[in-house]
Amino acid sequence: MKNNYLCPKCRAELKIKDYIIFSAETEKGIKGIILLSPKLGDYTIIHDDNFKYEEGEHIDFFCPVCRSSLAIPEVNKDLAEVIMIDEKNVEYKIVFSEIAGKKCTIKIKDQNIIEAFGEDADEYQNFWGVGPRY
Ligand SMILES: [Zn+2]
């Protein structure tokens, strides 16, 4: 997997080795580091045992470099995004759910959905195309 993942705000590289690294905070205010797979559609999540949350809980995702929120409340309060640059140097937005256990990843180019991953993706796809403009 040669894709790179960047913070949309500071464009720092978020992928180190085989994981994308985020700073995160749960609804109860627990702060920690979350590692996600850079493989789209792979919902492996790695975190410390002390970073506890419930299924269905909203987790805020932040850039670990500039601390900016990755949320996109203008689209939906439960979605966040990062930039992906693929091996052909094409840039996409990768939108994902901030709800623990929700499997939803949407790959976007020029406001169009290129690919969607995860069994919950259908819930969110109408924000692009037919839905409110992104
Ligand atoms: Zn950043």
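Scroll up a little and you will see the structure.
Residues numbered from 1 in each chain as written. Predicted model: local features only at pLDDT ≥ 70, side-chain atom pairs only at ≥ 80, totals over all residues. Heavy atoms only, no water.

### Some thoughts on the coordination of the zinc ion
Okay, so step 1: The protein atoms donating to the zinc ion are C7 (SG), C10 (SG), C63 (SG) and C66 (SG), with metal-donor distances spanning 2.3 Å.
Okay, so step 2: Classification of the site at the zinc ion rests on its four donor atoms, whose angles at the metal span 102 to 113°, yielding the label tetrahedral.
Okay, so step 3: Site description for the zinc ion: donor spacing in sequence, C-x2-C-x52-C-x2-C. Pair noted here: C10 is in the loop between β1 (4-6) and β2 (15-16) and C66 is in the loop between β6 (60-62) and β7 (79-85), with a separation of 56 residues, a long-range link. (Donors = N, O, S within 2.8 Å, 3.2 Å for Na, K, Ca; no water. Tetrahedral: all angles 85-135°; square planar, octahedral: opposite > 155°, others 65-115°. Helix = DSSP H or I, 4+ residues; strand = E, 2+ residues; numbered from the N terminus.)

### So, the pattern of salt bridges
Okay, so step 1: Applying the stated criterion across every chain yields a total of five salt bridges.
Okay, so step 2: The salt bridge involving K28 is made with E57; its shortest N-O contact spans 3.6 Å. Linking K28 in the loop between β3 (19-25) and β4 (31-36) with E57 in the loop between β5 (45-47) and β6, this pair joins segments that are 29 residues apart in sequence.
Okay, so step 3: Residues E123 and K102 are paired through a salt bridge, measuring 2.8 Å at the closest nitrogen-oxygen approach. Of this pair, E123 sits in the segment after β10 (112-117) while K102 is found in the loop between β8 (91-97) and β9 (105-109), placing the two residues 21 residues apart along the sequence.
Okay, so step 4: Judged by its relative accessible area of 44%, E123 is partly exposed.
Okay, so step 5: Judged by relative accessible area, which is 26%, K102 ranks as partly exposed. (Salt bridge = Lys/Arg side-chain N within 4 Å of Asp/Glu carboxyl O. Buried < 20%, exposed > 50% of the residue type's maximum accessible area, 1.4 Å probe, protein only.)

### Quick look at the pairing of β10
Okay, so step 1: The pairing of β9 with β10 spans five bridges and is antiparallel. Of the residues in β10, the one forming a bridge with I108 is I113.
Okay, so step 2: Where β9 folds back onto β10 in an antiparallel hairpin, the turn is made up of two residues, including D110, whose phi is positive at roughly 50°. (Pairing = 2+ DSSP bridges.)

### Examining the layout of surface pockets
Okay, so step 1: Taken as a whole, the largest pocket encloses approximately 400 Å³ of empty space.
Okay, so step 2: Going through the elements one at a time, β3, β4 and β8 are the ones with two or more residues in the lining of the largest pocket.
Okay, so step 3: Of the residues forming the lining of the largest pocket, the biggest block, three residues, is contributed by β8.
Okay, so step 4: Its residues placed into classes, the lining of the largest pocket shows 17 nonpolar, six polar and six charged. (1 Å grid on protein atoms, 1.4 Å probe; cavity = no way out; pocket = protein on both sides within 12 Å on 5 of 7 lines; lining within 4 Å. Points joined across faces, edges and corners; volume = space filled by probe spheres on them. Nonpolar A, V, L, I, M, F, W, Y, C, P; charged D, E, K, R; others polar.)

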